[in-house]
Amino acid sequence: MTEELETARLQMEINELKKELAEYKQIVKDLSVPIIPSIVPETILVPITGKLSHERFEMIISKLLTSCYEQEVETVIMDFTAISKNEIVETGILGQSIDNLVSSLQLMGVDTFLVGFTPSFTHELSRTGLKVNKELNTFLTFRSAIQFLMKKKNMSLV
């Protein structure tokens with residue numbers, strides 16, 4: 001095989017591998033923000049796991065806004081139970097990122113419930129300047145958030 005043919009073959013292989021890599025990156029991106037329908041109508045659960053960075057929060061915001069619009073979601077329950085101090089990449093902007101997430105959803109008329117803050121995660125949030133106000137719906141557990149929401153919507157489990 002000539003050198004030119006070998007170079008062309010290798011270039012084709014590189015292009016195929018780049019395409020495959022892009023597909024795998026999209027799969028990872030899609031799986032990094034799972035959106036789970038709830039037993040409460042127009043409500044979704046979003047469990048947050050893995051490293052939290054500014055870029056990841058931007059991706060979460062984008063995916064949630066699109067999903068809420070497409071699915072006509074009224075309430076998002078974000079579960080941070082799996083997040084500890086070790087998963088926080090950029091401590092300084094964590095509070096601001098959560099504020100941006102909640103504000104973006106509020107602009108669309110979506111209520112946001114934040115649940116599952118561990119002691120270490122709560123400590124980091126308080127250090128980063130998360131604005132705690134009366135409009136911020138926080139619950140210790142997913143169960144307590146669902147119970148509150150069901151009571152608010154005059155629903156009960158049968």
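Everything quoted here is computed from the prediction, not taken from an experiment. (Residues numbered from 1 in each chain as written. Predicted model: local features only at pLDDT ≥ 70, side-chain atom pairs only at ≥ 80, totals over all residues. Heavy atoms only, no water.)

Colleague: I'd like a rundown of the pairing of strand β2 (residues 43-47), residues and numbers included.
Modeller: Within β2, four of the five residues are buried, which leaves it mostly tucked inside the rest of the structure. Here strand β1 (residues 36-37) pairs with β2 via two bridges, running antiparallel. Counterpart to P37 in the pairing with β2 is I44. Two elements, β2 and strand β3 (residues 75-79), share five bridges in a ladder whose sense is parallel. (Buried < 20%, exposed > 50% of the residue type's maximum accessible area, 1.4 Å probe, protein only. Helix = DSSP H or I, 4+ residues; strand = E, 2+ residues; numbered from the N terminus. Pairing = 2+ DSSP bridges.)

Colleague: Provide a residue-level description of the pattern of salt bridges, including the pertinent values.
Modeller: What the rule picks out here adds up to four salt bridges. E13 is the salt-bridge partner of R9, the closest N and O atoms lying 3.0 Å from each other. Of this pair, R9 and E13 are both found in helix α1 (residues 3-31), four residues apart, which corresponds to roughly one turn of the helix. Of the residues examined, R9 reaches a relative accessible area of 37% and is grouped as partly exposed. With a closest N to O distance of 3.1 Å, K152 and D111 form a salt bridge. Placement of the pair is K152 in helix α5 (residues 142-152) and D111 in strand β4 (residues 111-115), with a sequence separation of 41 residues. Note on K152: relative accessible area 49%, which makes it partly exposed. The network of salt bridges with shared partners includes E6, R9 and E13. (Salt bridge = Lys/Arg side-chain N within 4 Å of Asp/Glu carboxyl O.)

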